[in-house]
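Structure assessment
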Amino acid sequence: MTLDELKTEISERIESEQDKLDSLNNRKSRKDRNYYISEGMLLAFQIVADYLGDLEVLE
């Protein structure tokens, strides 16, 4: 897998997790376990995406 393919996959996962969070927010006012799992996944993917951006600068 190339760096560009990895960045594309991570971007897609970020969008997917953001969609899940939006759907969970719209469905309930009370945040449940799935909301926090999706929020954590989104943060993790964003951290990895930032890290990959830093690696690209070093190339």
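Everything below is about the structure printed above this text.
These lines cover the structure that appears in this document, whether it is placed above or below. All values reported here derive from a predicted model rather than from experimental measurement. (Residues numbered from 1 in each chain as written. Predicted model: local features only at pLDDT ≥ 70, side-chain atom pairs only at ≥ 80, totals over all residues. Heavy atoms only, no water.)

Now for the overall build of the protein. A count of helical and extended segments in the protein gives two helices and zero strands. The buried share of the protein, reckoned over its 59 residues, is 19%. Accessible surface for the protein amounts to roughly 4600 Å². Of this, 51% is attributable to carbon and sulfur atoms. (Helix = DSSP H or I, 4+ residues; strand = E, 2+ residues; numbered from the N terminus. Buried < 20%, exposed > 50% of the residue type's maximum accessible area, 1.4 Å probe, protein only. Areas by Shrake-Rupley, 256 points an atom, 1.4 Å probe, with all protein chains shown as cover.)

Attention now moves to the pattern of salt bridges. On inspection of all chains with the given rule, the structure shows two salt bridges. Two residues, glutamate 9 and arginine 13, come together in a salt bridge whose shortest N-O distance is 3.3 Å. Here the residue glutamate 9 and the residue arginine 13 both occupy positions in helix α1 (residues 3-27), the gap between them amounting to four residues, near one helical turn. Classification of glutamate 9 by relative accessible area gives partly exposed; the value is 29%. (Salt bridge = Lys/Arg side-chain N within 4 Å of Asp/Glu carboxyl O.)

It is worth spelling out a negative patch on the surface at this point. A surface patch of like charges, here negative, comprises Glu12, Glu15, Asp19 and Asp22. Along the chain, aspartate 19 falls in helix α1. (Patch = residues over 30% accessible without salt bridge, like charges linked within 9 Å, V, L, I, M, F, W, Y side chains within 5 Å. Lys, Arg positive; Asp, Glu negative; His and termini not counted. Charge placed at Lys NZ, Arg CZ, Asp CG, Glu CD.)

What follows is about the side chain of serine 38. Among the structural elements, serine 38 can be located in helix α2 (residues 33-58). The buried category is assigned to serine 38, whose relative accessible area is 5%. Setting aside anything within four residues of it in sequence, one finds serine 38 in contact with Glu17, Lys20, Leu21 and Leu24. (Contact = heavy atoms within 4.5 Å.)

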